[in-house]
Amino acid sequence: MKHIISALVENKPGVLAHVAGMFAARAFNIDSLAVGRTETEDLSRMTIVVIGDDRVVEQVRKQLAKLVPVVKVQDFVGKPVVARDLMLVTIACPPEKRPEVFSLIEMFKGKVVDISTRHIMVEVSGPEEKIEGFINVCRPYGIKNVARTGTIAMTRQ
Amino acid sequence: MGGKSTPTAKSPGKESNIKTGAQIVVDTLVDLGVDTMFGYLGGVVLPLFDRLYDAPFNFIIPRHEQGGCHMADAYARVTGKPGVVIATSGPGACNLITGLATAMMDSVPLVAFTGQVRTDLIGNDAFQEADTTGITRPITKHNCIVKDVKDLARTIREAFHIATTGRPGPVLIDLPVDVEVSQCDMSKVSQEIDLPGYRLKHRGHARQITNAAKAINKSDRPVLYVGGGVIAADAAQELRALVEKAHLPVSMTLMGLGAFDQTRPESLDMLGMHGSAYANYAIQECDLLVAIGSRFDDRVTGKVKAFAPQAKILHIDIDPSSISKNVNVDIPVVGDAKDILPRITELLEYRERKEWFEKIANWKKQFPLRYDPGDKVIKPQYVIERLWEATGGNAIVTTGVGQNQMWAAQFYKFHKPRHFISSGGLGTMGYGLPAAIGAQVGQPEAVVVDIDGDSSFNMTMTELSTAVQYELPIKVVILNNGYMGMVRQWQELFYNKRYSQSCLKNPEFAAVAEAMGAVGISVDKPQDVDKAIKQMLSQKRPCVVDFKVAREENVWPMVPAGKSLHEMDGLDIMESMA
Ligand SMILES: Cc1cc2nc3c(=O)[nH]c(=O)nc-3n(C[C@H](O)[C@H](O)[C@H](O)COP(=O)(O)OP(=O)(O)OC[C@H]3O[C@@H](n4cnc5c(N)ncnc54)[C@H](O)[C@@H]3O)c2cc1C
Ligand SMILES: Cc1ncc(C[n+]2csc(CCOP(=O)(O)OP(=O)(O)O)c2C)c(N)n1
Ligand SMILES: [Mg+2]
């Protein structure tokens, strides 16, 4: 099962290495990992998506909490959360295809952020399924490049 | 660096507030109560060693940094105080690896300082540069590099705090040489520990403690599975009170030996792969397994699915990640055994459990730990039994790894904690001799004996000259079977007696000892064993006794890898010796 784990970590050099190293050493599989600053200057938030049975994910949570620079760990499974992924994708799109591609983009509430004669770059954000869905519908046109942030998430108040 | 405000430029009152990094290290360590250190020199730690020249430490220089790290580790194990070891950058730091991993696996409080190249050279493949924090991250409880002298004092305090609290472990501080020499106005920096992510759970949860006590009171066939955590917690007395109040049988892990007096009737001695048959049978038939400061290692559980199949599992441990890691726990109690045990004891009732104790007594009668003493060749087990007699069971025993270690665990009955010092988790050959040195430094009055294997001793025997230099009267008992005995045993049992590369040509260990300035004795007849032990124990100098023992003796019983605890091999052999 997929779990979104959110960890507040000290904003210090080497923290990412501590976390990534622990995952590798304990043979945990990371599906995605996103790191960024928070409202507090000296804390960052890592959002980690892991797939595993409950025992494994429980160990992931405990081993993360055990790392000295990790301040707080939450497993969002079963909680009301908003989870989002951001993607930039470049799609092959000659001028004659633009109308149909643009309507797809609209359906997915995407944004065209760059355009050239044969390609367009689109920004899409949303739950992971939506991103996957967009990739699927664009595939027939030819996908040149994909860059994704990995999931970030927050519980609803 | 520095220069801006030299001490002379300040008023005399403030003079003492300006310190170099090296001075900060020394002063902070003194303030933390450190009086003993192990370490080795090198270019980038020279400023630090210059400060150590007139610092009030008992300083021990090993012959190899690995030895130094094991010494600091054993010093910590026997005293309960954190060990301190220093090494230079690059090769020095790399030589610490085995020692750090050994301490990590056995949860030993240790603080290691490594020198590092100048901060502006880091990452440039500078002379003797190694990414020490990168290399040691998975084998330390925590590590960090200090790049600003202002952080140094606080970081050292944090390192000692982390190493010694919660589940103890090694912490490494990497110290670039420019930080050692740069100056800091101590009146302007905070030395207060600042570790928002390091939270300790010391006190056990009240409801879980009630649940634990209820489960014990209800149990007809309980058994304790006591580990190194009880020794780390200094909770041997609390354990004894609990056992006496409720009347419970006690098995111990290799790391837990000494946590409970093995000469008492409740003791089932060691459990696991080479544990006693009566401990292993008790585990397999119990209805409640009470794990205290033990971590369900695969050497203990055998086949996990079939471990203690009838039992509810109660687990007391300070590290939440130890709980339900390998085996599902029914009643977890997270916290310090020292706090939890007395609180459970208070709620316990005495129960006779006559049937259960009778059953155990029968196993003890039928399958005692025994061996065929013979009379032509020295049996390794016999040497240990005689040593136990001669030392009244009071020696601090360190070990190598292999058969020697298992026989020491089986035949030397410990009655006090911090007396059996062995590399359990990593199984580091070569640990025994440096560990004996560290133990003797920590307990100068104790009789310290390294019970070692010939191949293990070969790995670090150079440290004998360290013992000679510091006039440490350690004793080394080599159970010399001329084999990597434990490996040979596996080859005999599982590889058709094909003894591939498991036999070394050893030097004459007694002659080596003499050459290094220690006393060397060699014995090959059973009737000379007692005399040699007596001679050894009377030495003021380090003494090595090379016991040429039976070459192909096996350790029994043995749970083959992947089997369950009751599927022990060798019981028939043991019975035939009756
Ligand atoms: C050749 C060889 C053979 C071996 N055979 C055996 C064998 O037959 N039987 C055997 O038992 N071992 C054997 N071992 C050792 C084995 O590998 C493990 O090292 C050992 O079983 C672990 O012991 P432990 O469970 O007591 O854990 P330790 O490694 O001592 O860990 C201590 C536990 O206590 C916890 N703890 C620490 N402080 C506290 C506190 N204050 N309060 C509460 N909990 C605390 C920790 O979190 C940890 O979970 C063998 C090793 C070798 C090299
Ligand atoms: C550093 C290291 N290398 C290899 C091993 C694997 N190993 C475990 S026991 C053993 C043989 C030990 O031989 P010896 O020290 O003579 O002890 P004996 O079993 O004969 O008592 C070996 C090679 C180890 N534990 N440690
Ligand atoms: Mg041997």
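Residues numbered from 1 in each chain as written. Chains lettered and ligands numbered in written order. Predicted model: local features only at pLDDT ≥ 70, side-chain atom pairs only at ≥ 80, totals over all residues. Heavy atoms only, no water.

What follows covers the overall build of chain B. Scanning chain B for helices and strands turns up 24 helices and 20 strands. For a compact globule of 578 residues, the expected C-alpha radius of gyration is about 25 Å, and chain B comes in at 25 Å, within 12% of that figure. Scored against the burial criterion, the 578 residues of chain B give a buried share of 60%. A separation threshold of at least 6 residues defines the contact pool for chain B, and within that pool the share at least 24 residues apart is 75%. (Helix = DSSP H or I, 4+ residues; strand = E, 2+ residues; numbered from the N terminus. Rg over C-alpha atoms; globule rule 2.2 N^0.38 Å. Buried < 20%, exposed > 50% of the residue type's maximum accessible area, 1.4 Å probe, protein only. Contact = heavy atoms within 4.5 Å.)

The subject of this paragraph is the sheet that holds strand E3 (residues 58–60) of chain B. Residues and elements named next belong to chain B. Taken in spatial order, the 6 strands make up an open sheet running E3-E2-E4-E5-E7-E6, and their pairing is parallel. In the strand order of this sheet, the two ends are held by E3 and strand E6 (142–145), each with one partner. Within the sheet, the average angular offset between the axes of one strand and its neighbour, ignoring direction, is 20°. Of the pairings in the sheet, the one linking E6 to strand E7 (residues 170–176) comprises 4 bridges and is parallel in character. Across the sheet, residue His142 finds its bridge partner in E7, namely Val171. Docked against the sheet, helix H5 (residues 97–105) engages strand E5 (110–116) and E7, running at close to 145° with respect to E7. (Pairing = 2+ DSSP bridges. Axes fitted to C-alpha atoms, helices over the stretch in contact; angles between N-to-C directions.)

All right, on to the site of ligand 1 then. Residues and elements named next belong to chain B. Taken together, 35 residues form the shell around ligand 1, and within it Gly228, Thr253, Arg295, Asp317 and Ser322 come nearest. One of the backbone N or O atoms of Leu271 is found 2.8 Å from a nitrogen atom in ligand 1. One nitrogen or oxygen atom from the main chain of Gly424 is found 3.0 Å from an oxygen atom belonging to ligand 1. Breaking the shell around ligand 1 down by element, the ones donating at least two residues are helix H10 (228–232), helix H13 (298–301) and helix H17 (403–411). Sort the elements by how many residues they give to the shell around ligand 1 and H10 lands first, with 3 residues. Classifying every residue of the shell around ligand 1 gives 12 nonpolar, 16 polar and 7 charged. (Near = heavy atom within 4 Å. Polar contact = N/O pair within 3.5 Å; in protein donor to acceptor, adjacent residues only side chain to side chain. Nonpolar A, V, L, I, M, F, W, Y, C, P; charged D, E, K, R; others polar.)

A few words on the confidence of the model for chain B. Residue and element names in this part refer to chain B. Model confidence for chain B is summarised by a mean pLDDT of 96, while 97% of its residues fall at 70 or above. Contacts for the low-pLDDT stretch residues 1–14, under 50 throughout, to residues beyond four places or in other chains number 10 contacts. Quick note on the complex model: pTM equals 0.96, ipTM equals 0.92. (pLDDT = per-residue confidence, 0-100.)

Before going further, it helps to examine the packing of helix H11 (residues 236–246) of chain B against helix H14 (residues 337–346) of chain B. Residues and elements named next belong to chain B. Running from N to C, H11 and H14 point in directions that differ by 20°, and their axes come no closer than 9 Å. Accordingly, the angle class assigned to the pair H11 and H14 is roughly parallel. Here H11 and H14 pass one another in a crossing that is left-handed. The segment H11 lies against H14, with Glu238, Leu239, Ala241, Leu242 and Lys245 engaging Lys338, Leu341, Pro342, Ile344, Thr345 and Glu346. Its residues placed into classes, the contact of H11 with H14 shows 6 nonpolar, 1 polar and 4 charged. (Parallel < 35°, antiparallel > 145°, perpendicular 65-115°, else oblique. Left-handed = near helix turned anticlockwise from the far one by under 90°.)

All right, on to the state of the cysteines then. Summed over the entire model, instances satisfying the criterion amount to 0 disulfides over all chains. We note that Cys184 of chain B lacks a disulfide partner, and the nearest cysteine sulfur, in Cys144 of chain B, lies 16 Å from it. (Disulfide = S-S within 2.5 Å.)

We now examine empty space enclosed by the protein. Summary: where empty space remains is shown by rolling a probe the size of a single water molecule over the atoms. All names here are of chain B. Under the criterion given, the structure shown has 1 cavity of 30 Å³ or more. What the largest cavity holds in volume is close to 60 Å³. Residue lining of the largest cavity: Arg370, Tyr371, Gln381, Trp407, Gln410, Phe411, Glu553, Asn554, Trp556 and Met577, and that is the complete set. For the lining of the largest cavity, the leading source of residues is H17, giving 3 residues. By residue class, the composition of the lining of the largest cavity is 5 nonpolar, 3 polar and 2 charged. (1 Å grid on protein atoms, 1.4 Å probe; cavity = no way out; pocket = protein on both sides within 12 Å on 5 of 7 lines; lining within 4 Å. Points joined across faces, edges and corners; volume = space filled by probe spheres on them.)

Moving on: the coordination of the magnesium ion (ligand 3). Four donors placed tetrahedrally about a metal ideally form angles of 109.5 degrees, and six donors placed octahedrally ideally form angles of 90 or 180 degrees. All names here are of chain B. Looking at the magnesium ion (ligand 3), the protein donor atoms are Asp454 (OD), Asn481 (OD1) and Tyr483 (O), and they sit 2.0 to 2.1 Å from it. Taken in chain order, the donor set of the magnesium ion (ligand 3) reads D-x26-N-x1-Y. Highlighted residues: Asp454 in helix H19 (residues 454–460) and Tyr483 in the loop between strand E18 (475–480) and helix H21 (485–494), separated in sequence by 29 residues. The two residues Asp454 and Tyr483 agree in class, both being buried. (Donors = N, O, S within 2.8 Å, 3.2 Å for Na, K, Ca; no water.)

Residues and elements named next belong to chain B. In total, this model carries 16 aromatic pairs over all chains according to the counting rule given. Taking the centre distance of 5.1 Å and the plane angle of 85° together, the rings of Tyr225 and Phe296 count as edge-to-face. Of this pair, Tyr225 sits in strand E9 (residues 222–226) while Phe296 sits in the loop between strand E12 (288–292) and H13, and the two are 71 residues apart along the sequence. Exposure class is identical for Tyr225 and Phe296. Each is buried. Here Phe414 and Phe420 contribute two aromatic rings whose centre-to-centre distance is 5.0 Å and whose plane-to-plane angle is 50°, an arrangement assigned as tilted. Assessed through its relative accessible area of 8%, Phe420 is described here as buried. By way of ring pairs, the aromatic residues Tyr281, Trp356, Trp363 and Phe367 are connected into one cluster. Directly above the ring of Tyr483 sits Arg488, whose terminal nitrogen or CZ lies 5.6 Å from the centroid. (Phe/Tyr/Trp six-rings, centres within 6.5 Å; stacked < 30°, edge-to-face > 60°. Lys NZ or Arg CZ within 6 Å of the ring centre and 35° of its normal.)

The subject of this paragraph is the domain arrangement of chain A. How big an interface is tends to be stated in terms of the accessible area lost upon association of its parts. Residue and element names in this part refer to chain A. On domain assignment, one finds that chain A holds domain 1 (2–75) and domain 2 (82–155). Taking the mean C-alpha position of each, domain 1 and domain 2 sit 28 Å from one another. At the junction of the two partners, domain 1 supplies 8 residues and domain 2 supplies 7 residues. Carbon and sulfur atoms make up 52% of the area that domain 1 and domain 2 hide from each other, which totals about 560 Å². Taken together, the connections running from domain 1 to domain 2 amount to 1 salt bridge. Of the charged contacts, one joins Glu128 and Lys2 as a salt bridge, the two residues approaching to 2.2 Å between their closest N and O atoms. Along the contact surface separating domain 1 from domain 2 lie 2 residue pairs in polar contact (both at pLDDT 80 or more). Among the elements that take part in the side of domain 1 that touches domain 2, strand E2 (residues 30–37) stands out by supplying 4 residues, more than any other. (Domains from an automatic or database assignment. Buried area = accessible area lost by both parts, 1.4 Å probe. Salt bridge = Lys/Arg side-chain N within 4 Å of Asp/Glu carboxyl O.)

All names here are of chain B. Looking at chain B, the domain boundaries give domain 1 (18–188), domain 2 (206–366) and domain 3 (380–555). If you average the C-alpha positions of domain 1 and of domain 3, the two centres end up 30 Å apart. Each partner contributes to the interface: domain 1 provides 26 residues, whereas domain 3 provides 27 residues. For the pairing of domain 1 and domain 3, the buried interface totals around 2,000 Å² over both sides, and the portion due to carbon and sulfur atoms is 65%. Of all residues in domain 1, the largest losses of buried area upon contact with domain 3 belong to Arg63, Arg77 and Val78, amounting jointly to 34% of the total for that side. Summed over the shared surface of domain 1 and domain 3, the result is 0 salt bridges. At the boundary of domain 1 and domain 3, one finds 14 residue pairs in polar contact (both at pLDDT 80 or more).

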